[in-house]
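An overview of the molecular structure
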Amino acid sequence: MPYFGSEETVKELKRALSNPHVQADRLRYKNYITKVIRYMTQGLDVSALFMDMVKASATVDIVQKKLVYLYMCTYASDKPDLALLAINTLRKDCADPNPMVRGLALRNMCNFRMPGMPEYIEQPIVAGLRDKASYVRRVAVLGCAKMHSLQPNTDIDGSIVNELYALLRDPDPVVVVNCLRALEEILKDEGGVVINKPIAHHLLNRMKDLDSWAQSEVLTFLLRYRPRSDDELFDILSLLDAFLQSAHAHVAVATLRLFLHLASAHPAVQADALLRTSAPLLATCGAASRELRFAGLCHVQQVMRSQPGLFATHYKRFFCGYSEPSYIKFRKMEILVELVNDENVALVLEELRSYCTDVSPELAQAAIAAIGRIARTYSEKCLDILTGLLALKQDHITSAVTQTFRDLVWFCPQSTAAVCQTVEACVDNPQDSEGKQALLWLLGEHGEQISSAPYVMEGYIDGLKTELSSAVKMELLSASVKMFLCRPAETQDMLGRLLHYCIEEESDMCVRDRALLYYRLLQRGVEETRKVVTGPKSDPSMSVLTGRQEEPISLWASTFNTLGPLSGWDLCLQTAVISASEPSGSAENELLPGSTDVALSSPNDTQEEISLSLGPPLSHETFEKMWLDLEILHRQTLGFPRPKTASDTLQAALQLVKIQTLAFTPGDAVPWKAYLYTRGTGTLILAELLQEVPEAPDSEGSLVVSVKQHPKNQQTIRGFVLILKSVLQTLNVDPL
Amino acid sequence: MIHSLFLVNASGDIFLEKHWKSVVSRSVCDYFFEALERATEPENVPPVIPTPHHYLINVLRHRIYFVAVIQSEVPPLFVIEFLHRVVDTFQDYFGVCTEAAIKDNVVVVYELLEEMLDNGFPLATESNILKELIKPPTILRTVVNTITGSTNVGEQLPTGQLSVVPWRRTGVKYTNNEAYFDVVEEIDAIIDKSGSTITAEIQGVIDACVKLTGMPDLTLSFMNPRLLDDVSFHPCVRFKRWEAERILSFIPPDGNFRLLSYHVSSQNLVAIPVYVKHNISFREGSSQGRFELTLGPKQTMGKVVESVLVSSQLPRGVLNANLNPSQGTYTFDPVTKLLSWDVGKINPQKLPSLKGSVSLQAGASKPDENPTINIQFKIQQLAISGLKVNRLDMYGEKYKPFKGIKYMTKAGKFQVRT
C-alpha cells in the first residue's frame, strides 16, 4: 500500500533510529521501534530499515526484542543476506540465562522463511530439545517441524525423529503434544506419526494433564490405533469415559468420534456413547455463540441419521429464535422435520407455520417445504395449514405451496383428492416458473379430479407469447397432452393451438422438438399415445410407508467432527470426487489385478433370478457420499468395449432391467465413465463403468465394472453383474 | 492447523493479519467477501466456507469477523472455540474488543497471538498463564511504564507450569485476602401470543475473583445442588467430590476465573420474571394501526426488575410510530423500522406502558405477521433458578479471608411473540 509520503516517513524513521541520542534514551528508542511495527502492520514497506532494526535487537528489554523479531520475520525472506547478520544475535540469545529469551529467539529464528536457514538453526534446536526449561523445549520441538518444512525434499533426519519419539515421555504435557504435532508433519509422506501400543497407552494416561486443545488433538491421533483385544478396548473406553461429557464441546465430540470408531463392532457401546454425549451436544446447540450453535446442530443432524429418537423429547430446543441467522434456522427446520412424532406434531406444525410468513422468502419457502415433508406422514393437519397459507396471497408463498403439493402427491398418492380440491379452490396462481411448472404438472396429472383444470390451462396457453421460461412451456406441453387423454372434448382445441404455436413460432429448439414429438405421437393414434404417456411409473410411496431407515453408524462416523457436514455436502464432495476419482480409477485397477474375476464370474453359477427394482430415486449427493464411504466389493473386466449406441439408448435399456443411470461421461470422451445404481433383495448396489484409454490406438479398451453395495450380499452382486453384462452385450451386438 | 488469521471489520476491510506457517495471500479472503455479499444480513455469513485450496472458518463478534485459514481437515468445533477464546482474551486484556482497541494495542495483540499459537497449534490459552507472560495494558501501568521505562512483559517464566497445581502459581501474597463469587444467570425464553412459555432455559455461570495468599483449598456448597443440569467446571474442581457429595472442592487459580457454568433446562420449571400485555393490530385498508404494550413483573420473588429495554422490529410497511410511554423514552428508526423503548425500572404499583398508533404506508397491504418483542432486563440479588450458595470454607491456610457472594439475573434471548 504505497501511499503518499511513505518514503519520507521511512527516511525520517531511519534518521531517528540511527541517531545516537535516541539510541541512548531507551524509551524514545523503543517508541520509534513501535512506530516502525505499526507502519508495518498497516502495510507500509519499511524493509529499508532492516539494518537499524537488527542493531536494535541487542537489548535486554524483552518487548523490544519481540518487536524486532516480529519485524525480522516479516522481512527476512525479502532480504536474506541482511537477515544472516541478525542470526548471530539470535544465536547468542539462544544461550541467554533467561529461558523466555532463549525460547523467543529460537522460535523466531525458526520462523525465518529463507533458504540456507537449516544449517544455522539445527544446532540451537538440538540444544533446545535438551533444555531444562519446558518453555524452550516446546519451542524447539515445533522448530524441528519448521526446519523440515524449510527443506521439504531432503531425507528425514533419523536422529531427530528418534529424539522426538523419546520426548513423547516428557513431563511437560505441551511438549508431549507438540512432539506429536511435529512428528506428524515430518513423517507426513510416511503416513504420519506411528501410534503403537506403548505410545497409545502413554497418551491415554496423560490425557487428564493436557489442556482441552491438546486433548482434542490426541483423541484424533488415537483414531489410528487399533486395540488388540476386547479387554484392551474396554480398558481404553473406560479411561476415556469422562471425556464424553467434557465441558468443551470439541473434546466431547472428538471423544465420541473415537468411541464410534473403536467400538464399531459393539453397537450397544456406540448407542450408549451417543446417549451420553447428547447432553453436551444439546448444550452446544444452545450456546451463546452462533457459530458454535451451528456446528452443534450439524453434529446433531449426523447423530440423528442413526438415532432419530435420541433428541425427540428435546424438540423445543430446535425452535428458531427470531434473531438467529438464516443458516441456523435452515438446519433447525431440517432437524424439526425429523423429530416429529404423534405427541409433538401439533406444536411443531404450529411453530413451522409461524416461520412461513418470515420476511426472508427463502426461509418461508424452506418452512413450507418442511411442512410438506411432515405431510407425508401427517397429511391432514399439514394440508389444512398449507391451504390456509394460500389465503395470504403472497406470490412466493403460493408458489412454494404449489411445489409442496406436487411433491406430496408424488410421494403420498392418498392425499391426491384433498390436494386437488384445494388447487381447484385456489384463485390466484403462482407467478414464478418453478411454481407454474408445479401447478401445470398437477393439472396434467390429475386433470380428471380438478374440474376447472382446462380453463386454467387455457389461460396459460393464451399467455404463451409472453412466457419466457422454456421449462414452463415444456411442462405445459406435457400437461396438455395428458389432459387431452383424459378430457379430450375440452382440451382438443387448445392443444391444437398450443402445438401449432410451439412448432411454427417457438424459437427454443428444445420446446419445438418436444412439441413435434407429441404431435407425431398423436398422429399414431390416441391409444398409442396413451400407452406411451400414461404408462406405468415407479411408485415412491412405498418408501414413505416403511418410514425412514435408520442408517448404520458407520455410514457417517468417518465424517463426524470434520468440516464436511458444516460446509454443505455438495460443494466439498464435488471437489473431492473430481480430484479423487480421476487418478484412482487406474490406481485401483493395479491394486486389484483381476483377481476377483476368478472367484466370481465362474460360468457354473446357476442363473439365480434376482429381482432388481428402482425404488426411490437417489440424489447425486447421496450417491456421491455413499460411493465415497463404501468399499469396492467386486471389480471385473467385462471383455468388450462400451456399446456405441447413443447414451439415451443405453440409459433406456438399463432402465428396462431396472438399473438407474445417475451420470455418465458425454460422447466419446476417454476415459469413459458411467455411474449406475439399483436395488435388489434388500440391498442398494452402486456401480461404476469405466473404459480406459486403449493401449494400442486401433484396439478398443475393455469396460471395467466396479461394484459397491450396502449392505453386503455377494449373491446379489453376482446377479447384478450378469444382468448388466447381458444388457451391454445385447447393445453391442445390435446397435439400434 | 490454523494457517493464518485475518481480522475483517464491518465494512469489509482487512485491518489485521497474522500468519503462522507460511504467508497466505490476502486474496484468499475474496471467497469470504463473496459470501459476505451474498448474505443479506452481516450475521448470515456461513461459519465454514470451502474454497479450492483452503477452508475459511469465521466467527463474528463485536462486529468484527475473525477469519481463520485452514489448509487441512480439522475438527470444526475446535477452531470455532479457539477463535472465540482469542476474542475472549482480547476482551479480557483491553476491556472491549473493537477495531479501535485492537489497532491501539497492536503490539500486545501480536504478542498474544504469538503466544497463543505456534506453527498453527494452540499453545497457551489460559488467561492466568498468558497474563504472566504478557501483562495487560492498563492506564495506570502505561503511566508507570512511561516514568520508569519498564515494560509489559513478565520478566519471569510463568511459574505455574512448574508448580504442582498447574493453574496456580506459587508464592502468591496479598494483604487483604478476599474471595468474591458472582452467580449470574441468563434466561433464554420464547413466549407465545397468549403468554404461555414455548421454551425457557437458564444458562448460569459462577465467576470468581479470588485473591488469597498461599495455597488455599476452598469448598463451596449449595442449598439445592440437584437443580443443576449439564454442569461444566473449571479444571481446578475435584469432580469425584462433586459426584459423590455435590460439593465444589478446589484450589482456586489466582485472580478472575469462571468456576462453573450450568444449564437449567426446560425439563425443570423455569420462572418467567416479566410478562407483557400487548395489543398490536393493523386493519386492512386503513393506514393506521394500534399499538399497546404493558409490562409487569411476575415471579420475581419481590425483587425489582431494572434496566428494562424493549425492542421490536416493526413490519416493513410501517412508516412512523406515534407513541406515548408512561415512563422512559422510546425511539423509532424509520429506516431500519426498529422500535426501542428504554423503560428503566418496573414499578409494580404503576406498570409501565407504551400506547399509541403507528402509521402505515398508504395502499400497502396489511402486514401478515405481528412483530416479535425482545426484552432485556436485570434483576439484582436474585438467581432466577433459585440456586443458593450455602457456605464457603477455606482450609490449608491460617488467615481469615473476606468472602462475598452476589446474585444477578439477566435476560439472554428473551422474546415475546405477538
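Residues numbered from 1 in each chain as written. Chains lettered and ligands numbered in written order. Predicted model: local features only at pLDDT ≥ 70, side-chain atom pairs only at ≥ 80, totals over all residues. Heavy atoms only, no water.

Regarding its fold elements, chain A presents 36 helices and six strands. Among the 736 residues that make up chain A, the fraction classed as buried is 53%. Pairs at least 24 residues apart make up 67% of the contacts formed inside chain A by residues separated by at least 6 positions. As displayed, chain A has an accessible area near 33,100 Å², and 54% of this comes from carbon and sulfur atoms. (Helix = DSSP H or I, 4+ residues; strand = E, 2+ residues; numbered from the N terminus. Buried < 20%, exposed > 50% of the residue type's maximum accessible area, 1.4 Å probe, protein only. Contact = heavy atoms within 4.5 Å. Areas by Shrake-Rupley, 256 points an atom, 1.4 Å probe, with all protein chains shown as cover.)

So, on to the overall build of chain B. Counting its secondary structure elements, chain B contains seven helices and 23 strands. Overall size of chain B, expressed as C-alpha extent along the three principal axes, is 75 × 55 × 45 Å. In chain B, buried positions account for 54% of the 418 residues. Taking all contacts inside chain B whose residues are at least 6 apart in sequence as the whole, residues at least 24 apart take part in 68%. Total accessible area on chain B is roughly 18,800 Å²; 51% of this is exposed by carbon and sulfur atoms. Where the 43 positive side-chain charges of chain B centre and where its 43 negative ones centre are 8 Å apart. (Lys, Arg positive; Asp, Glu negative; His and termini not counted. Charge placed at Lys NZ, Arg CZ, Asp CG, Glu CD.)

Looking now at the pattern of salt bridges. Using the criterion set out here, one finds 42 salt bridges over all chains in the structure. With its nearest N and O atoms 3.0 Å apart, the salt bridge here joins Arg130(A) to Glu163(A). One end of the pair, Arg130(A), is in the loop between α8 (118-129) and α9 (134-150); the other, Glu163(A), is in helix α10 (residues 158-167), and 33 residues separate them in sequence. In this structure, the salt-bridge partner of Arg238(B) is Asp217(B), at a minimum N-O distance of 3.1 Å. On the criterion of sequence distance, the pair formed by Arg238(B) in the loop between β11 (229-233) and α7 (239-245) and Asp217(B) in strand β10 (residues 217-222) is long-range, its members being 21 residues apart. Assessed through its relative accessible area of 33%, Arg238(B) is described here as partly exposed. A network of salt bridges, in which partner residues are shared, links Arg107(A), Lys146(A), Lys18(B), Glu114(B), Glu115(B) and Asp118(B). (Salt bridge = Lys/Arg side-chain N within 4 Å of Asp/Glu carboxyl O.)

All names here are of chain A. Among the secondary structure elements, Thr404 is positioned in helix α22 (residues 395-411). In this structure the C-alpha to C-alpha distance between Thr404 and Leu628, which are 224 residues apart in sequence, comes to 31 Å. What Thr404 contacts, discounting residues up to four positions off in sequence, is Ile368, Ala369, Gly372 and Leu386.

So, about the sheet that holds strand β2 (residues 14-19) of chain B. All names here are of chain B. Strands sit in the order β2-β1-β5-β4-β3 across an open sheet of five strands; the sheet is antiparallel. Edge positions in the open sheet fall to β2 and β3 (48-50), since each of these has one partner strand only. Averaged over neighbouring strand pairs, the angle between their axes works out to 20° when direction is ignored. When strand β1 (residues 2-8) meets β2, the two strands line up antiparallel, connected through five bridges. The residue of β2 that forms the bridge with Leu7 is Leu16. Contacts from helix α4 (residues 106-116) reach β1 and β2, with the element oriented near 35° to β2. (Pairing = 2+ DSSP bridges. Axes fitted to C-alpha atoms, helices over the stretch in contact; angles between N-to-C directions.)

Let us look at the confidence of the model for chain B. Residue and element names in this part refer to chain B. On average, chain B scores 84 in pLDDT, and the residues at 70 or more come to 90%. Confidence, expressed as mean pLDDT per element, reaches its minimum in chain B at helix α6 (residues 139-148) with 54 and its maximum at strand β5 (residues 64-70) with 93. Ignoring residues within four places in sequence, the model shows residues 157-162, a span with pLDDT below 50, making 18 contacts including any to other chains. (pLDDT = per-residue confidence, 0-100.)

Turning our attention to unusual backbone geometry. If a residue is not glycine, its phi is most likely negative; likewise, a peptide bond is most likely trans. Residue and element names in this part refer to chain B. Located in the positive-phi region is Asn119, a residue other than glycine, with phi close to 55°. Take Asn119: it is sitting in the loop between β6 (117-118) and β7 (121-122). Classification of Asn119 by relative accessible area gives buried; the value is 5%. With phi around 60°, Gln381 is a residue other than glycine that occupies positive phi space. Summarising the element assignment, Gln381 is placed in the loop between β21 (372-380) and β22 (389-395). Residue class for Gln381 comes out partly exposed when judged on its relative accessible area of 45%.

Evaluated as defined, the whole model comprises zero disulfides over all chains. Free cysteine Cys502(A): the closest other cysteine sulfur is in Cys510(A), separated by 12 Å. The exposure class of Cys502(A) is buried, given its relative accessible area of 1%. No disulfide involves Cys97(B); its nearest neighbouring cysteine sulfur is the one of Cys29(B), lying 17 Å away. Here Cys97(B) falls in the buried class, since its relative accessible area comes to 1%. (Disulfide = S-S within 2.5 Å.)

Moving on to the confidence of the model for chain A. The predicted model of chain A averages 80 in pLDDT, with 89% of residues at 70 or higher. Below a pLDDT of 50 lies the segment residues 569-608 of chain A, which in the model reaches 42 contacts outside its immediate sequence neighbourhood of four places, other chains included.

Residue and element names in this part refer to chain B. At a minimum axis separation of 11 Å, helix α2 (residues 76-94) and α4 run at an interaxial angle of 140°. On the basis of their axis angle, the class for α2 and α4 is oblique. Note on packing geometry: the crossing formed by α2 with α4 is right-handed. On α4, the residues that touch Phe82, Arg85, Val86, Thr89, Phe90, Tyr93 and Phe94 of α2 are Val108, Val109, Leu112, Leu113 and Met116. (Parallel < 35°, antiparallel > 145°, perpendicular 65-115°, else oblique. Left-handed = near helix turned anticlockwise from the far one by under 90°.)

Looking now at the interface of chain B and chain A. Taken together, the contacts link 78 residues of chain B with 80 residues of chain A. Taking both sides of the interface into account, the surface hidden between chain B and chain A amounts to around 6,800 Å²; carbon and sulfur atoms contribute 57%. Here chain B and chain A share eight salt bridges between them. Here Arg417(B) makes a salt bridge to Glu351(A), at a shortest N to O gap of 2.8 Å. Seen at the junction of chain B and chain A, the total is 19 residue pairs in polar contact (both at pLDDT 80 or more). Top element by residues in the side of chain B that touches chain A is α2(B). It accounts for eight residues. Classifying every residue of the side of chain B that touches chain A gives 32 nonpolar, 26 polar and 20 charged. (Buried area = accessible area lost by both parts, 1.4 Å probe. Polar contact = N/O pair within 3.5 Å; in protein donor to acceptor, adjacent residues only side chain to side chain. Nonpolar A, V, L, I, M, F, W, Y, C, P; charged D, E, K, R; others polar.)

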